[in-house]
Amino acid sequence: LVGTASNRDALGAKVMLYTESGRQTRFNDGQSGYLSQSRSPLYFGLGDDTSVNKIEIFWPSGKTQVIEGPIESNQTITIKEE
């Protein structure tokens, strides 16, 4: 995530990913584990799903952005705030 109206690292953003199996939510809080911080990407496990139907981003600025699919699995996507 790359913020423009929000902070550049998009800290505080909420990302919802929709597949045939359901919905997953991740928060970009800048933390990657116990007693650590990093600027790593948000990871989603798709299980048996091979694509994503939609990605919805709720930016810290209050904007909402929707990326419509299908989006193929096994890739890294950079989303810039619009």
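Everything in this summary refers to the structure shown in the same document.

## Some details on the side chain of Q24
Tracing the backbone shows Q24 in strand β2 (residues 22–28). A polar side-chain atom of Q24 sits 2.6 Å from the main-chain carbonyl oxygen of G45. Excluding residues that lie within four positions of it along the chain, Q24 makes contacts with V15, M16, L17, F44, G45 and L46.

## Overview of the sheet that holds β2
Taken in spatial order, the four strands of this open sheet run β2-β1-β5-β6, and their pairing is antiparallel. Since the sheet does not close on itself, it has two edges, and those belong to β2 and β6 (64–72), each with one partner. Each strand axis lies, on average, 20 degrees off the axis of its neighbour in the sheet, ignoring direction. Pairing between strand β1 (residues 13–19) and β2: seven bridges, direction antiparallel. Looking across to β2, one finds that K14 is bridged to F27.

## Focus: the environment of Q75
Locating Q75 in the fold gives a position in the segment after β6. Within the local environment of Q75, its side chain forms a polar contact with the backbone oxygen of E72, the two atoms lying 2.8 Å apart.

Procedures and definitions
Residues numbered from 1 in each chain as written. Predicted model: local features only at pLDDT ≥ 70, side-chain atom pairs only at ≥ 80, totals over all residues. Heavy atoms only, no water. Helix = DSSP H or I, 4+ residues; strand = E, 2+ residues; numbered from the N terminus. Polar contact = N/O pair within 3.5 Å; in protein donor to acceptor, adjacent residues only side chain to side chain. Contact = heavy atoms within 4.5 Å. Pairing = 2+ DSSP bridges. Axes fitted to C-alpha atoms, helices over the stretch in contact; angles between N-to-C directions.

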